[in-house]
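Commentary on secondary and tertiary structure
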Amino acid sequence: MQDELRAIAEGLAARLGRAVAIDDPQLHLLVHTPHDEQVDDLRVTSVLTMQVPDDILQRVMSLGLPTATGPVRVPAWPEREMLSRVAVPMRCEGRLFGYLWLIDDHQTLTDDELAIASDAAAAASLILHRERLLGDRRDSRDRELLRDLISEDAGVRGHAADELSRADRLPADGTVAVIAVRVGEATLQRVETAGAELDSALQRTVLHVTPTPALAVSRSGGRGIVVLAASRAAALTSVRSHAEELHAWLAKTLDADDVRVGVGPAVTGLLDAYRSWRAAEDVLRVTAVVPGFGPVATHDELGIYQLLVHLPLGQLPHDAIPGGLRTLIEKDSGGLVETLETYLDEA
């Protein structure tokens, strides 16, 4: 996509003899051409930081760019050392995909040249529209497979793990950890956009954990998960900090105090992501009713509640038994477990 957009920008720049920049709808720079003519601080800042300052963003958007269907002249702003320029909206099937920019401080662009720029903007919007469709289709498939990855059915989980690995979305081997989040019912009822904000926060987390491979999906009832998979266990040492960032962002955005985040233990292999997710869900169950836990907690921090959350004992999974007790059970050959059980029975 970047190469195709750059080819359009360079072709237009050659025809008009001036630099061209292409931004997304939030004015994040996508591509730009080299420039020999005069440029301003805004273009330099945009190239260096891939975005524009907030005050300039607000000023530009106030000119009606989000609803424009043709070229829009943006006046110079001497106080901010910004030259006059023309923005050409890139639209396809009514959807805005961004803007094509031409600096035109002396307003020498002719109607014919603006028509050429509009044709270039239309071609760029087709490319972005195609990428959006492909991305939506891929995202939908990823979400379906993530939901299957935590299915109760082992066969469904195995198929999902195979598909995610085959598509290079998540590695099959290595270390995997799951972050689970839940937004309280009160906030879901109070904030109409809570579901959308949750999904946005999850995808934001995926971006922030880069380069660690990760995928996220929101679920009904204000729930969501982030699955992180890395070839090296050391790459997952900061999972808790990512969980805290996710909580802080959601709590602030929703103005809510009933957002909880649980971190499951690291497991080996994508097929075992289910175990990490189940443990993360245990964290949410415990911290919702037991005082003393913060809004973000890891499974290791639950202590004895790793066991109590699974009472009656028939529901107790093997990995919920604390490591020390599990070692005692596995290595006891002289009646120590029976002694311990009797001691506890007799208080």
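Quick look at the structure, then. (Residues numbered from 1 in each chain as written. Predicted model: local features only at pLDDT ≥ 70, side-chain atom pairs only at ≥ 80, totals over all residues. Heavy atoms only, no water.)

**Observations concerning the pattern of salt bridges**
Any two side chains of opposite charge can pair, given that their charged atoms come close. Our working rule: In the sections that follow, a salt bridge refers to a side-chain nitrogen of Lys or Arg positioned within 4 Å of a carboxyl oxygen of Asp or Glu. Helix numbering and strand numbering both begin at the N terminus, where a helix is a DSSP run of H or I of at least 4 residues and a strand a DSSP run of E of at least 2. Relative accessibility thresholds used throughout: buried, under 20% of the residue-type maximum; exposed, over 50%; partly exposed, between the two (1.4 Å probe, protein chains only).
Applying the stated criterion to the full structure yields 17 salt bridges. A salt bridge links Arg18 to Asp104; the nearest nitrogen and oxygen atoms lie 3.3 Å apart. Placement of Arg18 in the loop between α1 (2-16) and β1 (21-23) and of Asp104 in the loop between β5 (95-103) and α4 (111-149) is noted, with a sequence separation of 86 residues between them. Pair check on accessibility: Arg18 and Asp104 agree, each one buried. Glu281 is the partner of Arg182 in a salt bridge, and the nearest nitrogen-oxygen pair spans 3.5 Å. Here Arg182, found in strand β6 (residues 175-183), pairs with Glu281, found in helix α9 (residues 273-289); they are 99 residues apart in sequence, far enough to count as distant. Residue Arg182 is classed as partly exposed on the basis of its relative accessible area of 21%. Put simply, Arg141, Glu144, Glu163 and Arg166 are held in one network by salt bridges that share partners.

**Brief notes about the packing of aromatic side chains**
Worth spelling out the cut-off: Only centres within 6.5 Å qualify two rings of Phe, Tyr or Trp (six-membered ring in Trp) as a pair; their planes then separate them into stacked at under 30 degrees, edge-to-face at over 60, and tilted for everything else. We call a charge positioned above a ring when the Lys NZ or Arg CZ atom is no farther than 6 Å from the ring centre and deviates by at most 35 degrees from the ring normal.
Taken as a whole and assessed by the stated rule, the structure comprises three aromatic pairs. Taking the centre distance of 6.2 Å and the plane angle of 55° together, the rings of Tyr99 and Trp101 count as tilted. Taken as a pair, Tyr99 and Trp101 share a single burial class, namely buried. Arranged with centres 6.1 Å apart and planes meeting at 80°, the rings of Phe293 and Tyr305 form a pair that is edge-to-face. Taken together, the positions of Phe293 in the loop between α9 and β11 (296-298) and Tyr305 in helix α10 (residues 305-308) put the pair 12 residues apart, joining distant regions of the chain. By relative accessible area, Phe293 is classed as partly exposed at 21%. Taking the ring centre of Tyr274 as reference, the NZ or CZ of Arg157 above it sits at 4.0 Å. Positioned above the aromatic ring of Trp249 is the side chain of Arg204, whose terminal nitrogen or guanidinium carbon lies 3.7 Å from the ring centre.

**Description of helix α8 (residues 239-254)**
What counts is decided by this rule: The span expected for a helix works out to 1.5 Å for each residue beyond the first. In this context, the arc is that of the directions from the helix axis out to the C-beta atoms. Whether two residues are in contact is decided by their heavy atoms, any of which lying within 4.5 Å being enough.
The end-to-end C-alpha separation of α8 is 22 Å, in line with the 22 Å expected for 16 residues at 1.5 Å each. For α8, the full list of buried residues reads Val239, His242, Ala243, Leu246, His247, Leu250, Ala251 and Leu254. What you see down the axis of α8 is that its buried residues fit within an arc of 165°, all on one side. Turning to α8, the residues buried within the fold contact β6, α6 (185-190), α7 (194-208), β9 (259-263) and β11. Looking one or two residues beyond α8, the residue adopting positive phi is Asp255, at roughly 50°.

**As for a negative patch on the surface**
What counts is decided by this rule: By definition, no residue in a patch forms a salt bridge, and every one has over 30% relative accessible area; like charges are joined within 9 Å, nonpolar side chains (Val, Leu, Ile, Met, Phe, Trp, Tyr) within 5 Å. What sets the accessible areas is the Shrake-Rupley method with a 1.4 Å probe; for residues, cover comes only from the shown protein chains. Charged residues are defined here as Lys and Arg on the positive side and Asp and Glu on the negative side; His and the ends of the chain fall outside this count. By convention, charge coordinates are those of NZ in Lys, CZ in Arg, CG in Asp, or CD in Glu.
A cluster of acidic side chains, namely Glu338, Glu341, Asp345 and Glu346, defines a negative patch on the protein surface. Assignment of secondary structure puts Glu341 in helix α12 (residues 336-345). On the basis of relative accessibility, which here comes to 48%, the residue Glu341 falls in the partly exposed class.

**With respect to the packing of helix α11 (residues 323-331) against α12**
Threshold: Lines fitted to C-alpha atoms define the axes here, with helix axes fitted over just the stretch in contact, and angles between the N-to-C directions of these axes take values from 0 to 180 degrees. Put simply, angles under 35 degrees are roughly parallel, angles over 145 are roughly antiparallel, angles from 65 to 115 are roughly perpendicular, and the rest are oblique. Amino acids outside the nonpolar list (Ala, Val, Leu, Ile, Met, Phe, Trp, Tyr, Cys, Pro) and the charged list (Asp, Glu, Lys, Arg) are all regarded as polar, and Gly is one of them.
Where α11 contacts α12, the axes come no closer than 8 Å and their chain directions differ by 130°. Relative to α12, the element α11 is oriented oblique. Contacts between α11 and α12 pair Leu325, Leu328 and Ile329 from the former with Leu336, Val337 and Leu340 from the latter. Of the residues contributing to the contact of α11 with α12, the split by class is six nonpolar, no polar and no charged.

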